[in-house]
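The primary structure of each chain is shown beneath.
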Amino acid sequence: MRRLCEKIRRARDWLLHRHWAITLATMSLSVIIFGLLSYDFFFLLRANLTFIEENGVTGLLDGGLKQFFMLLCYGFFSLLCYLLFKACEHILTARLARRPEIETTNAD
């Protein structure tokens, strides 16, 4: 378990703290995945719940329950992508804020 946690920490550090371009690419990918997963999510969830409500136990046995749990997993994964986006945003803005101003040199 410790090895897995250490590998996750190393991957996190590599993705988020190594170079600003890697952080920006991770941020871009996470917002694209977030957008794709959350697009039409609530309509599908409402349609699934309506299907289960109309068909009752038969609807659950016909795949309504499986689809409901898959939609919940998509929702949680979408939330994780959003949190990754916000973490990348925070790291990039912190890097910009602590970056020293470029000093102009006096040309003689």
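Everything below is about the structure shown above.
It should be emphasised that the depicted structure is a prediction, and the values quoted were computed from it without experimental measurement.

Draft legend 1. How the structure looks around unusual backbone geometry. A positive phi angle, near 65°, is found at Asp 40, a position not held by glycine. Inspection of the secondary structure puts Asp 40 in the loop between helix H2 (20-38) and helix H3 (41-98). Residue classification places Asp 40 among the partly exposed positions, given a relative accessible area of 36%.

Draft legend 2. Looking closely at the nonpolar core. Core analysis: the biggest nonpolar cluster contains six residues, these being Leu 16, Met 27, Phe 85, Cys 88, Ile 91 and Leu 92. Looking at this core element by element, the count peaks at four residues for H3. Residues within four places of Cys 88 in sequence aside, it is in contact with Leu 16, Thr 23, Thr 26 and Met 27.

Draft legend 3. Broad picture of the packing of H2 against H3. Interhelical geometry of H2 versus H3 gives an angle of 160° and a closest axis separation of 8 Å. Taken together, H2 and H3 sit at an angle that is classed as roughly antiparallel. With respect to the hand of their crossing, H2 and H3 are arranged in left-handed fashion.

Draft legend 4. A look at H2. Between the first and last C-alpha of H2 there are 27 Å, a value that for 19 residues agrees with the 27 Å anticipated at 1.5 Å per step. In this structure, the buried residues of H2 make contact with helix H1 (2-17) and H3. Remark: Asp 40 follows H2 within two positions and exhibits a positive phi of approximately 65°.

Draft legend 5. Region of the structure containing the pattern of salt bridges. On inspection of all chains with the given rule, the structure shows three salt bridges. One salt bridge connects Glu 6 with Arg 9, and the closest N-O pair in it is separated by 3.0 Å. In this pair, Glu 6 and Arg 9 both sit in helix H1, three residues apart, roughly one turn of the helix. Residue classification places Glu 6 among the partly exposed positions, given a relative accessible area of 33%. For Arg 9, a relative accessible area of 41% corresponds to the partly exposed category. A single network of salt bridges, built from pairs that share partners, joins Glu 6, Arg 9 and Arg 10.

Draft legend 6. A look at the packing of aromatic side chains. For the structure on display, the rule yields four aromatic pairs. Three or more aromatic residues link up through ring pairs in this structure, and these residues are Phe 34, Tyr 82 and Phe 85.

Draft legend 7. Seen up close, the packing of H1 against H2. Between H1 and H2, the shortest axis-to-axis distance is 6 Å and the interhelical angle comes to 100°. Here H1 lies roughly perpendicular to H2, going by the angle between them. Contacts from Trp 14, Leu 15, Leu 16 and His 17 in H1 reach Ile 22, Thr 23 and Thr 26 in H2. A class-by-class count of the residues in the contact of H1 with H2 yields four nonpolar, three polar and no charged.

Rules behind the numbers
- Residues numbered from 1 in each chain as written.
- Predicted model: local features only at pLDDT ≥ 70, side-chain atom pairs only at ≥ 80, totals over all residues.
- Heavy atoms only, no water.
- Helix = DSSP H or I, 4+ residues; strand = E, 2+ residues; numbered from the N terminus.
- Buried < 20%, exposed > 50% of the residue type's maximum accessible area, 1.4 Å probe, protein only.
- Core = buried A, V, L, I, M, F, W, Y, C linked by side-chain atoms within 4.5 Å.
- Contact = heavy atoms within 4.5 Å.
- Axes fitted to C-alpha atoms, helices over the stretch in contact; angles between N-to-C directions.
- Parallel < 35°, antiparallel > 145°, perpendicular 65-115°, else oblique.
- Left-handed = near helix turned anticlockwise from the far one by under 90°.
- Expected span 1.5 Å × (residues − 1).
- Salt bridge = Lys/Arg side-chain N within 4 Å of Asp/Glu carboxyl O.
- Phe/Tyr/Trp six-rings, centres within 6.5 Å; stacked < 30°, edge-to-face > 60°.
- Nonpolar A, V, L, I, M, F, W, Y, C, P; charged D, E, K, R; others polar.

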